[in-house]
Amino acid sequence: MNAFDLIQPDTLEEALSLLNTDDPLVRPLAGGTALMLMMKSKLYAPERLVSLQRLKPSLDKVKVDEAGRLHLGPLATLRELELSPVVAQFSPVIPKALRTLSNVRVRNVATLGGHLAHGDPHMDLPPILLALDAQVRVSSEAGHRDIPLSEFLTGYYSTALAPGELITEVVVPPLPQGTRGTYVKFTALSADDWPMAGVAAFVRLEDGQISDARVAVSAATERPVRLHEVESFLRGQRPTDEVLHHAGELAGTQIHPLADIRGSSGYKREIVKVCVRRSLQQIAQTDHNGDGGVTQ
Amino acid sequence: MAEYRTIRFRLNGRPVELAVQPHENLVEALRRGFQMYSVRESCGQGLCGCCTVYVNGKAVSGCLYLAALVDGCDVQTAEGLGTLQQLSPVQEAFIECEGFQCGFCTPGMIMMATQLLQENPNPTDEEIKHYMSGNLCRCAAYPEIIAAVHRAAEKLRASKETDAKADQAATVAG
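Residues numbered from 1 in each chain as written. Chains lettered and ligands numbered in written order. Predicted model: local features only at pLDDT ≥ 70, side-chain atom pairs only at ≥ 80, totals over all residues. Heavy atoms only, no water.

An unreviewed UniProt entry lists chain A under the name Carbon-monoxide dehydrogenase medium subunit, with Alicyclobacillus macrosporangiidus as the source organism.

Novice: How do you make sense of the interface of chain B and chain A when you look at a structure like this?
Specialist: Buried accessible area, meaning the area lost when the parts come together, often serves as the stated size of an interface. Listed per partner, the contact involves 33 residues of chain B and 27 residues of chain A. With both sides pooled, the region where chain B packs onto chain A buries about 2400 Å², and carbon together with sulfur makes up 57% of that total. Counting across the interface, chain B meets chain A through two salt bridges. Between Arg79(A) and Glu119(B) there is a salt bridge, and its shortest N-O distance comes to 2.6 Å. Summed over the shared surface of chain B and chain A, the number is 14 residue pairs in polar contact (both at pLDDT 80 or more). Listing elements by their share of the side of chain B that touches chain A, those giving two or more residues are strand 4 (58-61), helix 3 (106-119) and helix 4 (125-131) of chain B. (Contact = heavy atoms within 4.5 Å. Buried area = accessible area lost by both parts, 1.4 Å probe. Salt bridge = Lys/Arg side-chain N within 4 Å of Asp/Glu carboxyl O. Polar contact = N/O pair within 3.5 Å; in protein donor to acceptor, adjacent residues only side chain to side chain. Helix = DSSP H or I, 4+ residues; strand = E, 2+ residues; numbered from the N terminus.)

Novice: Would you mind going over the domain arrangement of chain B with me for this structure?
Specialist: Residue and element names in this part refer to chain B. Its domain assignment divides chain B into domain 1 (5-80) and domain 2 (89-173). In this structure, domain 1 and domain 2 have C-alpha centres spaced 23 Å apart. Each side of the interface is counted separately: domain 1 has 17 residues, and domain 2 has 13 residues. Here domain 1 and domain 2 share an interface that buries about 1200 Å² over both sides, 58% of which is from carbon and sulfur atoms. The largest contributions to the domain 1 side of the interface with domain 2 come from Arg-40, Tyr-54 and Ala-78, which together make up 41% of the buried area. Summed over the shared surface of domain 1 and domain 2, the number is seven residue pairs in polar contact (both at pLDDT 80 or more). Contributions of two or more residues to the side of domain 1 that touches domain 2 are made by strand 3 (52-55) and strand 4. (Domains from an automatic or database assignment.)

Novice: Honestly, the pairing of strand 10 (residues 166-172) of chain A in this entry has me stumped. Any pointers?
Specialist: Each regular strand displays side chains that alternate between the two surfaces of the sheet. Residues and elements named next belong to chain A. Burial runs high along strand 10: six of the seven residues are buried. Bridge analysis of strand 5 (residues 70-72) against strand 10 gives three bridges, and the strand direction is antiparallel. Paired with His-71 across the bridge in strand 10 is Val-171. With five bridges joining them, strand 6 (residues 135-140) and strand 10 adopt antiparallel strand pairing. Each residue of the ladder has a partner; that of Gln-135, found in strand 10, is Val-171. (Buried < 20%, exposed > 50% of the residue type's maximum accessible area, 1.4 Å probe, protein only. Pairing = 2+ DSSP bridges.)

Novice: Sorry, what's going on with the sheet that holds strand 1 (residues 5-11) of chain B here?
Specialist: Sheets are built from strands paired through backbone hydrogen bonds, the pairs being either parallel or antiparallel. All names here are of chain B. Read from one edge to the other, the open sheet built from five strands follows the order 2-1-5-3-4, with strand pairing classed as mixed. Two strands lie at the open edges of the sheet, namely strand 2 (14-20) and strand 4, each paired on one side alone. For this sheet the average axis-to-axis angle between neighbouring strands, irrespective of direction, equals 40 degrees. In this structure, strand 3 lies alongside strand 4, joined through four bridges in antiparallel fashion. Bridge pairing in strand 4 places Thr-52 opposite Ser-61. Packing of helix 1 (residues 26-34) onto the sheet brings it into contact with strand 1, strand 2, strand 3 and strand 5 (74-76), and relative to strand 2 it is tilted by some 110 degrees. (Axes fitted to C-alpha atoms, helices over the stretch in contact; angles between N-to-C directions.)

Novice: Before we go on, may I ask you to explain the environment of Ile145(B) in this structure?
Specialist: Its place among the elements puts Ile145(B) in helix 5 (residues 142-173). Non-local contacts of Ile145(B), meaning those with residues more than four positions away in its chain, are made with Phe94(B), Gly99(B), Met109(B), Met132(B) and Cys137(B).

Novice: Hey, could you run me through the packing of helix 11 (residues 241-254) of chain A against helix 12 (residues 265-285) of chain A in this one?
Specialist: Axis angle and axis distance: for two packed helices, these are the angle between their axes and the distance between the axes, and together they describe the pair. Residues and elements named next belong to chain A. Following both chains from N to C, one finds helix 11 and helix 12 inclined at 145 degrees, their axes separated by 8 Å at the closest point. Crossing angle aside, the handedness with which helix 11 passes helix 12 is right-handed. Together, Asp-241, Leu-244, His-245, Ala-247, Gly-248, Glu-249, Ala-251 and Gly-252 of helix 11 and Arg-269, Lys-273, Val-276, Arg-277, Leu-280, Gln-281 and Ala-284 of helix 12 make up the contact between the two elements. Within the contact of helix 11 with helix 12, the residues separate by chemical class into six nonpolar, four polar and five charged. (Left-handed = near helix turned anticlockwise from the far one by under 90°. Nonpolar A, V, L, I, M, F, W, Y, C, P; charged D, E, K, R; others polar.)

Novice: In this structure, what is going on with the UniProt feature "domain: FAD-binding PCMH-type" (unreviewed entry) in chain A? I would like to understand it.
Specialist: Residues annotated in UniProt with the feature "domain: FAD-binding PCMH-type" (unreviewed entry) correspond here to residues 1-177 of chain A. Overall, residues 1-177 of chain A shows 32% helix and 23% strand. The separation of its end C-alpha atoms is 50 Å. (UniProt positions renumbered as here; feature names shortened; annotations may be inferred.)

Novice: Looking at this model, I keep getting lost on helix 11 of chain A. Mind explaining?
Specialist: Residues that lie three or four places apart on an α-helix share one face, since the helix turns once every 3.6 residues. Residue and element names in this part refer to chain A. Here helix 11 contains 14 residues, and its C-alpha end-to-end distance of 20 Å stays within 8% of the 20 Å for a straight helix at 1.5 Å per residue. Considered for burial, the residues of helix 11 that qualify are Val-243, Leu-244, Ala-247, Gly-248, Leu-250, Ala-251 and Gly-252. Those residues of helix 11 that are buried lie in contact with helix 10 (228-234) and helix 12. (Expected span 1.5 Å × (residues − 1).)

Novice: Mind showing me how you'd approach the domain arrangement of chain A here?
Specialist: Residues and elements named next belong to chain A. Here the domain parsing of chain A yields domain 1 (5-51), domain 2 (58-172) and domain 3 (179-295). Taking only C-alpha atoms into account, the centre of domain 1 sits 19 Å from that of domain 2. Listed as interface residues are 14 residues of domain 1 and, on the opposing side, 14 residues of domain 2. Interface area for domain 1 against domain 2, summed over the two sides, is near 1100 Å², with a carbon-plus-sulfur share of 76%. Linking domain 1 with domain 2 are zero salt bridges. On the surface where domain 1 and domain 2 come into contact, there are two residue pairs in polar contact (both at pLDDT 80 or more). At the level of secondary structure, the elements contributing two or more residues to the side of domain 1 that touches domain 2 comprise helix 1 (12-19) and helix 2 (33-40). Among the elements that line the side of domain 1 that touches domain 2, the one with the most residues is helix 1, at five residues.

The structure is reproduced here in structure tokens:
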């Protein structure tokens, strides 16, 4: 690993000031699990890293407000989110998905903010948070702005974060009563590999009819995306085998999978079809007011 | 740039200090500065668990952790679990069940197993496999390792009951 300078500010203001530069060799460091790998492989050789470690106490809170919105501090570790009763109460899909992400040691260190800012399409929470209509608050010395996650994730390892901006909060609007969700991921190489396809689905059934559907796909595509055509097709339908099969087929026409070591574009398209159908079947088969869990 | 800085932290309960460079990782620092040879870099990617260290009581991969960031923290390695005269119950269980062949992954396995049993004193096979999926044994001693974790769980539960009885006796006597 190349040598670099490491600064450990004590306050957010100080960190934002240190990061207020166009120099691409100055970057924030949160848990560092992904950044360390990039530096070890010499993919990235920073001159200066600004550690956010000392900001953790002020930026790791998890709570639900009076309006039912879930607020997640960006320096909460993935393990803290996995074990948080508040998160589990809001949506058990989040902790269940986290249990399948990497291993306990990585989750003990990796943070939510880093997970999102990295812009890696193989991450597990982005499709779930995308389906939940999450908003990302980013702050800089100039102030802050709120960006829907769908606009925050702009492409393969790229986000809407400008130089000098840090994620300071993630907010998820309340889920309508009776919404059930699931996350289905498919790993092609080994059980604990990054997913080759991930599908998050949340569906609300009223009198046996789908009144709301949200479906997001990740990993197979260059960034996590919502499948709006699939969602509008599902609304008003009854979740019969035929309807869910058609939703999977339709998903296949809505994505542009990237070929890589985990599969060809065509193979990934087929896997996404299956994952979309399975996620919806799981939800349809869950007869209580809960969630369909996470399957691999 | 990249100058040495002195970090101060507790290592296995003892206050220590070490001059480190910002890009030095925790495995390098613990081996270089304190001969903590139970901490081993194998995959270097956080996947294998050979470099498992506790920072403030939580298991981390030392190979992905900058040494400079443990300034002010409490760090524990397998050297701090027991002594040659008095092994920890998990260490004893690994020996009794022969939960290793070459032994390279063993300190990491014991560190993760110890943490698992703190969180879950009576894990099932599936829970052990899930919690320790990030610890690789290239000799594939997995069945023995799982048996060792069960044995360790029994030992810990038994010593807890003994402690509870001793406490009760002390209360009665007191």
